[in-house]
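Read off the chains here:
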Amino acid sequence: MIEGATERILMPSFIKKIDNELENKLSSQYLTVLEVGGAYAHHFYKFLDFLNLKTLIITDLDATEPVNTDNGIRHKACITSIGKGTSNTGLKKWFDNLSEPTSDTEPSILNQIQQKTFAEKELGSRRISYQIPEGEHNLCGRSFEDAFMIANKTLFGITQNDRNAIENEAYEQAEKLKNKKANFALEYALEKTEWNIPLYIKEGLTWLSENVLTNQTTEENGN
C-alpha cells in the first residue's frame, strides 16, 4: 500500500533495483500495489488483519510544527528536524502508545514515532515504513520526494555539506513539485534511472521479500 502516483509509478523500478540484492525476488511473487492516499491507510488496518495477508504500507512522516496564529495554534508542514508532530493519521493510528509531551524535556510525537524500533513497525502480518535517517548526515525526509532527493543529492544538484542546508534544499525542491509529481516520477522511472532507493523503502521491501515467500511456503506445506 502506497500513498500516491509518485510511488506507484516508481515501484516497478524499486523492485527491479532491489531484486539484485534479494534472495527471494519480489518480481517473482504475486504482489498488488494499491494506492490508498496518505490519509486513508489506517482504514484498512482491521481488514488487513482479518485477511492475514502480508502487507507493506509505505507512507510519509509528514512532519509538522505548531505555529501561533490569530485563530489559535496551527500545525504547519516543516522539515523533519524541527518537526514536533505529524499530520499523518495512519502513523498515529498505528502506534497507539503515543503521548503528548507535558514538558520540553519529553520527546515530541514526531520524536516518539522516529524512535520506534524495527520490530515495533510490524504488527501481525502488516508492516509500516516511513522515512528514516540516511546518508553521512543522517538526514530524514518529510515526504517521498525530499527523501528521494536526500538519497540522491548529486542527481538534484545538492552540493552543500551542511546538514541543515541539505535538508532545506531538498524540502524546497520537493515543495515545487506539488502539481508535477507524476512527471517527476516518470522522469526517474524511464529516463534518469541511475539512483539510490530511499532507505525506508528499501527496508520495507526487504521485509516484504522475506515474509511473502515464507507465508506462501507455509500455505503450500499446509495443503
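Refer to the preceding data block for the structure.
Cut-offs used in this document
- Residues numbered from 1 in each chain as written.
- Predicted model: local features only at pLDDT ≥ 70, side-chain atom pairs only at ≥ 80, totals over all residues.
- Heavy atoms only, no water.
- Pairing = 2+ DSSP bridges.
- Helix = DSSP H or I, 4+ residues; strand = E, 2+ residues; numbered from the N terminus.
- Phe/Tyr/Trp six-rings, centres within 6.5 Å; stacked < 30°, edge-to-face > 60°.
- Buried < 20%, exposed > 50% of the residue type's maximum accessible area, 1.4 Å probe, protein only.
- Lys NZ or Arg CZ within 6 Å of the ring centre and 35° of its normal.

Attention now moves to the sheet that holds strand E4 (residues 85-86). The three strands lie next to each other as E3-E2-E4, forming an open sheet whose pairing is antiparallel. Because the sheet does not close on itself, it has two edges, and the strands there are strand E3 (72-77) and E4. Inspection of the sheet shows strand E2 (residues 63-69) paired to E4 by two bridges, in the antiparallel sense. Note that in E4 the partner of Ala63 across the bridge is Thr86.

How two aromatic rings sit relative to each other is given by the distance of their centres and the angle of their planes. What the rule picks out here adds up to twelve aromatic pairs. Measuring from ring centre to ring centre gives 5.9 Å for Phe148 and Phe184, while their planes differ by 80°; the resulting arrangement is edge-to-face. In this pair, Phe148 sits in helix H5 (residues 144-151) while Phe184 sits in helix H7 (residues 181-191), placing the two residues 36 residues apart along the sequence. Under the relative-accessibility criterion, Phe148 is labelled buried at 0%. The class of Phe184 is buried, set by a relative accessible area of 4%. Positioned over the ring face of Trp195 is Lys17, at 4.5 Å from the centre of the ring. Here the basic side chain of Arg126 rests over the ring of Trp94, its NZ or CZ set 4.6 Å away from the ring centre.

So, about the pairing of E3. In this structure, E2 lies alongside E3, joined through six bridges in antiparallel fashion. What sits directly across from Glu65, in E3, is Lys76. Where E2 folds back onto E3 in an antiparallel hairpin, the turn is made up of two residues.

In strand E6 (residues 126-129), alternate side chains face the same way, and those of Arg126 and Ile128 on one face and Arg127 and Ser129 on the other are all buried. Across four bridges, the pairing between strand E1 (residues 55-58) and E6 is parallel. Bridging from a neighbouring strand, Ile58 pairs with Ser129 of E6. The pairing of strand E5 (residues 122-123) with E6 spans two bridges and is antiparallel. Directly across from Leu123, in E6, lies its bridge partner Arg126. In this antiparallel pair of consecutive strands, E5 and E6, the connection spans two residues, and Gly124 shows a positive phi of 60°.

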